[in-house]
Amino acid sequence: MKITVYKFDPSIDAAPYYIDGEVPFKEKMTAMEALLYFHRNIAPVNYDSSCGGRLCGRCAMLLNGEPCMICVTPIEDKDYTFEPLPGYPIIRDLIVDKSVVADKLSNIYNRVRIEPYTEETYNNPKDFDFEHKTDLYALEFCARCGACTAACPVKAMYGDEFAGPMELSAYAYRYLDPLDQGDRLMEAVSAGLFRCIECGKCDEVCAQQDIHHVEIFKYLKEKAIERGIKPSYA
Ligand code: SF4
Ligand code: SF4
Ligand code: FES
């Protein structure tokens, strides 16, 4: 199969370019295995990875235009193009600089506590939403890869006015966390929750298949409407 790879070193290249080569297909091959073969046997390529199994999120990129974590994406015997995840500065080839978004996400994920913990509040958290505990546990496995946000048509349209599904998932995670005391609904609404058109593209590309973005975002919207914090544009 023909593999085509995006190449760009901003320190020396005037513009990005592509290189290609033939990679032998093997049954049950992942996209990362094909890229590794290319790197070792055809031409060196810079790409990021760590866990090899959808935990670190570092291998997210575009495969034939679709964002995915390549370490867990099976491929067929056909041609593929590898390109960097859009929306981030390119460091080199397929490696992008996610530091700004990573910092933002870490801030969202930080649990907010207004009152200090007591034994009572720690062991008997109030308002635990048992109905949505599976969503809470599923969101815990978000690898922060950014594939969902890269795939989101609303993010592409609104840019900074819409945080995108990866950040909204972080707000949802802390909203469902019974020990978090931040106003996560208000934060999610401010981040553009109501701009989500529930198209399901984020669900489609996410490798953590227990994360049901659309259902979670619908639920957050319902809760926001109950509190009367629906924005005027929605
Ligand atoms: S929700 Fe899924 S696609 Fe989005 S960042 Fe998390 S693991 Fe990646
Ligand atoms: S469901 Fe919402 S957040 Fe997900 S891709 Fe569609 S518009 Fe974006
Ligand atoms: S290498 Fe960690 S998610 Fe792919």
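Thresholds, definitions, all that
- Residues numbered from 1 in each chain as written.
- Chains lettered and ligands numbered in written order.
- Predicted model: local features only at pLDDT ≥ 70, side-chain atom pairs only at ≥ 80, totals over all residues.
- Near = placed C-beta within 6 Å.
- Helix = DSSP H or I, 4+ residues; strand = E, 2+ residues; numbered from the N terminus.
- Nonpolar A, V, L, I, M, F, W, Y, C, P; charged D, E, K, R; others polar.
- Axes fitted to C-alpha atoms, helices over the stretch in contact; angles between N-to-C directions.
- Parallel < 35°, antiparallel > 145°, perpendicular 65-115°, else oblique.
- Left-handed = near helix turned anticlockwise from the far one by under 90°.
- Contact = placed C-beta atoms within 7 Å.
- Buried ≥ 20, exposed ≤ 12 C-beta atoms within 10 Å, placed from the backbone.
- Pairing = 2+ DSSP bridges.
- Domains from an automatic or database assignment.

Before going further, it helps to spend a moment on the site of ligand 2. The environment of ligand 2 is made up of C152, V154, P165, C196, I197, E198, C199, G200, K201, C202, H213 and V214. When contributions to the shell around ligand 2 are tallied by element, the ones reaching two or more residues are helix 9 (201-205) and helix 10 (213-226). Tallied by class, residues from the shell around ligand 2 come to 8 nonpolar, 2 polar and 2 charged.

What follows covers the packing of helix 2 (residues 99-109) against helix 7 (residues 165-176). Closest axis-to-axis distance for the helix 2/helix 7 pair is 9 Å, and the angle between their directions is 15°. Taken together, the axes of helix 2 and helix 7 are roughly parallel relative to one another. For helix 2 against helix 7, the interelement crossing comes out right-handed. Only E167, A170, Y171 and R174 of helix 7 make contact with helix 2, whose side of the interface consists of K104, L105, I108 and Y109. Of the residues in the contact of helix 2 with helix 7, the class split is 5 nonpolar, no polar and 3 charged.

This part covers unusual backbone geometry. You will see that R54, though not glycine, has its phi angle at about 50°, which is positive. Following the sequence through the fold, R54 ends up in the loop between helix 1 (31-41) and strand 3 (60-63). Exposure remark for R54: the 19 C-beta atoms within 10 Å place this residue in the partly exposed category. With phi around 55°, R144 is a residue other than glycine that occupies positive phi space. The class for R144 is partly exposed, based on 18 C-beta atoms found within 10 Å.

Spatial strand order, 2-1-5-3-4: 5 strands in an open sheet with mixed pairing. The two strands at the open ends of the sheet, each matched to only one other strand, are strand 2 (17-22) and strand 4 (66-69). Going from strand to strand, the sheet's axes swing by 30° on average, the running direction of each strand aside. Inspection of the sheet shows strand 3 paired to strand 4 by 4 bridges, in the antiparallel sense. What sits directly across from L62, in strand 4, is P67.

Okay, the domain arrangement of the chain next. Looking at the chain, the domain boundaries give domain 1 (2-96) and domain 2 (99-226). Distance between the C-alpha centres of domain 1 and domain 2: 28 Å. The partner domain 2 presents 10 residues to the 13 residues of domain 1 that form the contact. The element contributing the most residues to the side of domain 1 that touches domain 2 is strand 4, with 4 residues. Taken together, the residues of the side of domain 1 that touches domain 2 break down into 9 nonpolar, 2 polar and 2 charged.

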